[in-house]
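Examination of the molecular architecture
Spelled out, the chains give:
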Amino acid sequence: MSDIHAVTVPKWGLSMDKGVVAAWHKQPGDPVRKGEDLVDVESDKIANAVECPADGILRRHVAVVGDVLPIGALLGIIADAEVPDAKIDALVAEFHANFKPIEAAADGGPQPQVIQVGGKRVRYLAMGEGTDALLLLHGFGGDLNNWLFNQEPLAQGRRVYALDLPGHGESDKRLETGGLEEYAACVKGFMDAVDLRAAHLVGHSMGAAVALRIAVDAPARVRSLTLVCPAGLGAEINIDYLRGFAAANSRNQLKPLLAQLFADQALVNRQLVDDVLKYKRLEGVTEALNRTISAQFEGGQQRTLLRDAVGRCPAQVIWGAKDQIIPPQQAQGLPATVPVHRIASAGHMAHMEAASEVNRLIASFIAGVP
Amino acid sequence: MARQISYQQAINEALRQEMERDPTVLVMGEDNAGGEGSPGERDAWGGVLGVTKGLYPQFPDRVLDTPISESGFIGAAIGAAAAGMRPVAELMFIDFMGVCFDQIFNQAAKFKYMFGGKALTPVVIRTMVGAGLRAAGQHSQMLVNIFTHIPGLKVVCPATPYDAKGLLIQSIRDNDPVIFCEHKMLYGLQGDVPEESYAIPFGEANVVRDGKDVTIVTFGRMVHLSNEAAATLANSGIQCEVIDLRTTSPLDVDTVLESVGKTGRVVVVDESNPRCSIATDISALIAQKAFGDLKAPIEMVTAPHTPVPFADSLEDLYIPSPAKIRAAVQYVVDYR
């Protein structure tokens, strides 16, 4: 049956229990290639494209636009041209006969946990088992949910941690300085607390600068670096975005700012804006963000550049070509040993907008790290 | 955000966290300390429906039982606020406000204005509103409009546990007198509420559902009935935008007008009696400021112009229902 592939509703993040079919990008009979956008699905939180799992022909739309389907439900069938229709009919019938939607509440899947690091609360989510460990570090104003398209796929055969940095998500909001050193110390403390001697660090934006800081201060703890739209490589940054984000206290102020994070504006739905607004209202968040801005930026530019650290351990850079927060040109001039991947269709949130590609790049890079 | 608590627990948590944060916050009202000073179990009650239960053991000096004299203890709360405290007074039912009107609208609401901005009155009056509890005409009214009418008062009507906590924290920190209206039928409603403290700013409506065809403007418990109607209407292809005003004073005019600019069709849902209500106020505002956007007359879904009836069957008819909201939406959609 390797020539027939079922396309199913993915699970994006912990709270997703169903998806709405928003639009098909391909019609039955179209030739499709692995990794192409096949169909847009929306959850309560976010809309995204489901990618084609294999090369072949899109033989069937099983779901139509507007369908509300549970996780794992059948969307369509990819198969080679020579596979007879009868065989596809049989597969669809068999799928539906055996399909049991997973109850969201009874899922029993991994839930975020809380651990004390240096007397402060840190929330984290751990998934998967394996000898390789990954640590996912979100950016300024983000939280562990920023990795909702990445953590589960990367956790196949690996132990993957995502945490809320201090001042962020549901971790303690108190920051002493807001500098990279403080964030890095918290991450190292977290690694101690979960008994993680060394890990592959995947950092986005400010989280990448935090990863670089750790690579400089504690090289033995870092097996490799994947820097996604990273801070720390050049002076220039969209400081208006950062200041605007820290100051915004209503949906109308926040929405145009969040739109700058994505190449595809449709990804900024109301729920996403609401979730960020709810975070921003929490006591201590505005202070934490302002403290971070004053510590890490001066005169509208990044204060600490850590380019020299990039060549010292296995490292790769992934950048959305349409990044409006940090210019992708800052990846130029890095050591020749450091692969730089530009993703044409993505903005600053490349790991959300081009999740499958980013996941593939991370998985294959880590596999090659000695 | 994984934690769910009830609307009632969210209010209790807001009080607790603000009392922990600010030693000038105090809680007072009938049985708020559970009958302190009389024999029997301590912290037995916590207000008539138990909203303040558990606060007295933690803050024995700042949770006060009051006599059954609204005119007395509301006046005391207002005076304490003028003298630098941040009292949260529980006035069991908004229906009982009549006996302390002078304290509220002639005194508390006026101090800042009449003393040249030098006197602040950071008092919160928590009170139950709305019909549905089979409690008849003197315990069921939706008198939000009367307080919205008075300059100097702020009026808050949370619809969800998340909003109840964030809006009450904002109410306590606000330097003006706030009438905080808790819908008695929502006390058991569960919802996601962060454990951490947070404040929701006043005058910021919440667009709880996006739609392009009809704007439903509402607040309080009616948000849920409007959502229910909107969900049904979506099945027949009518997309309603549901706006929860959250605070009727200050009022988020911009969000309402922006939505009307998009849809051109409006239904206002208000549990109050129809004359001189939030429904008439919002309708007048839209007619005045967005007349050119309108494609149909503004519809109002309200209670009738009668007291809240005691008979179950009549009370059910009295309260706006999802069916009445659907009919109003259908009317503005079908108009021309």
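Here the structure is a predicted model, which is why all the values come from computation and not from measurement.

Along the backbone of chain B there are 12 helices and 14 strands. The C-alpha radius of gyration computed for chain B amounts to 20 Å, which stays within 12% of the reference 20 Å derived for 336 residues, consistent with globular compactness. Considered along the principal axes of its C-alpha atoms, chain B spans approximately 65 × 45 × 40 Å. Taking all 336 residues of chain B together, the buried fraction comes to 54%.

Moving on: the overall build of chain A. Looking only at helices and strands, chain A has 10 helices and 18 strands in total. Here the C-alpha radius of gyration of chain A, 21 Å, is about what a compact globule of 370 residues would show, namely 21 Å. With the C-alpha coordinates of chain A rotated into their principal frame, the extents come out at 65 × 45 × 35 Å. The 370 residues of chain A split such that 45% are buried. Across chain A, contacts joining residues at least 24 apart in sequence account for 68% of those joining residues at least 6 apart.

All names here are of chain B. Two numbers describe how helix α9 (residues 253-263) lies on helix α10 (residues 278-289): the axes approach to 11 Å, and their chain directions differ by 60°. As judged from the angle between their axes, α9 and α10 are oblique. Seen from above, α9 lies across α10 with right-handed handedness. Facing α9, whose interface residues are Val253, Val256, Leu257 and Val260, α10 presents Ile282, Leu285, Ile286 and Lys289. Its residues placed into classes, the contact of α9 with α10 shows seven nonpolar, no polar and one charged.

On to the sheet that holds strand β4 (residues 37-42) of chain A, then. Residue and element names in this part refer to chain A. As summarised here, the arrangement of the four strands in space is β5-β4-β2-β7, forming an open sheet in which the pairing is antiparallel. In the strand order of this sheet, the two ends are held by β5 (47-51) and β7 (68-70), each with one partner. Averaged over all neighbouring strand pairs, the angle between strand axes comes to 45°, with direction disregarded. Judged from the five bridges that link them, β4 and β5 form a sheet pairing that is antiparallel. Bridge pairing links Asp37 to Glu51 in β5.

Glancing now at the domain arrangement of chain A. Residue and element names in this part refer to chain A. The assigned domain composition of chain A is domain 1 (4-106) and domain 2 (114-367). On the side of domain 2, 10 residues touch domain 1, which itself brings nine residues to the contact. The residue makeup of the side of domain 1 that touches domain 2, split by class, is three nonpolar, three polar and three charged.

Another point: the packing of helix α8 (residues 222-235) of chain B against helix α12 (residues 322-334) of chain B. Each packed pair of helices is defined by two parameters, the angle between the axes and the distance between the axes. All names here are of chain B. Put simply, α8 and α12 touch, their axes get as near as 8 Å, and they point 55° apart. It follows that α8 is oblique to α12 by the angle criterion. As for how α8 packs across α12, the hand of that crossing is right-handed. Between α8 and α12, the residues in contact are Leu225, Ser226, Glu228, Ala229, Thr232 and Leu233 and Pro322, Ile325, Arg326 and Val329, respectively. Residues of the contact of α8 with α12, tallied by class, amount to six nonpolar, two polar and two charged.

This part is about the nonpolar core. Among the nonpolar cores identified, the biggest contains 190 residues, and A:Val210, A:Ala211, A:Ala350, B:Val267 and B:Val329 are the most heavily contacted of them. Residues within four places of A:Ala211 in sequence aside, it is in contact with A:Leu137, A:Leu201, A:Gly203, A:Leu225 and A:Leu227. In terms of nonpolar packing, the next biggest core, distinct from the first, is built from 18 residues, A:Val21, A:Val50, A:Cys52 and A:Ile77 among them.

For the rest of this paragraph, the subject is the domain arrangement of chain B. Residues and elements named next belong to chain B. Each assigned domain of chain B is listed here: domain 1 (4-192) and domain 2 (206-334). A straight line from the C-alpha centre of domain 1 to that of domain 2 covers 27 Å. Each partner contributes to the interface: domain 1 provides 25 residues, whereas domain 2 provides 23 residues. Counting only elements with at least two residues in the side of domain 1 that touches domain 2, the list comes to α6 (144-148), β6 (154-156), α7 (161-173) and β7 (178-183). When the residues that make up the side of domain 1 that touches domain 2 are grouped by side-chain class, the tally is 14 nonpolar, eight polar and three charged.

This brings us to the environment of A:Gly157. Residues and elements named next belong to chain A. Relative to the assigned elements, Gly157 resides in the loop between α2 (151-154) and β12 (159-163). By the C-beta count within 10 Å, which is 11 here, Gly157 ends up exposed. For the pair Gly157 and Val21, spaced 136 residues apart in sequence, the C-alpha separation works out to 30 Å. Apart from residues lying up to four places away in sequence, Gly157 is in contact with Gly128 and Gly130.

At the interface, seven residues of chain A touch 11 residues of chain B. Class assignment for the residues of the side of chain A that touches chain B results in one nonpolar, three polar and three charged.

All right, on to the sheet that holds strand β9 (residues 206-209) of chain B then. All names here are of chain B. Taken in spatial order, the five strands line up as β9-β11-β10-β13-β14 in an open sheet, and their pairing is mixed. Because the sheet does not close on itself, it has two edges, and the strands there are β9 and β14 (299-301). Across the sheet, the axes of successive neighbouring strands diverge by a mean angle of 25°, strand direction being ignored. The sheet contact formed by strand β13 (residues 266-269) and β14 spans three bridges and is parallel. Paired with Val268 across the two strands is Met300, which belongs to β14. The sheet strands contacting α8 are β9, β10 (214-218), β11 (240-244) and β13, and the helix crosses β11 at an angle near 170°. Packing against the sheet, α10 makes contact with β10, β13 and β14, and its axis sits at approximately 155° to β13.

Bringing unusual backbone geometry into the picture now. Residues and elements named next belong to chain B. That bond from Ser249 to Pro250 is cis: its omega, 0°, falls within 30 degrees of zero. With respect to the secondary-structure elements, Pro250 resides in the loop between β12 (247-249) and α9. Not every positive phi belongs to a glycine, and Cys276 is a case in point at roughly 50°. One can find Cys276 in the loop between β13 and α10. Of the residues examined, Cys276 has 12 C-beta atoms within 10 Å and is grouped as exposed.

Conventions and cut-offs
- Residues numbered from 1 in each chain as written.
- Chains lettered and ligands numbered in written order.
- Predicted model: local features only at pLDDT ≥ 70, side-chain atom pairs only at ≥ 80, totals over all residues.
- Helix = DSSP H or I, 4+ residues; strand = E, 2+ residues; numbered from the N terminus.
- Rg over C-alpha atoms; globule rule 2.2 N^0.38 Å.
- Buried ≥ 20, exposed ≤ 12 C-beta atoms within 10 Å, placed from the backbone.
- Contact = placed C-beta atoms within 7 Å.
- Axes fitted to C-alpha atoms, helices over the stretch in contact; angles between N-to-C directions.
- Parallel < 35°, antiparallel > 145°, perpendicular 65-115°, else oblique.
- Left-handed = near helix turned anticlockwise from the far one by under 90°.
- Nonpolar A, V, L, I, M, F, W, Y, C, P; charged D, E, K, R; others polar.
- Pairing = 2+ DSSP bridges.
- Domains from an automatic or database assignment.
- Core = buried A, V, L, I, M, F, W, Y, C linked by C-beta atoms within 7 Å.

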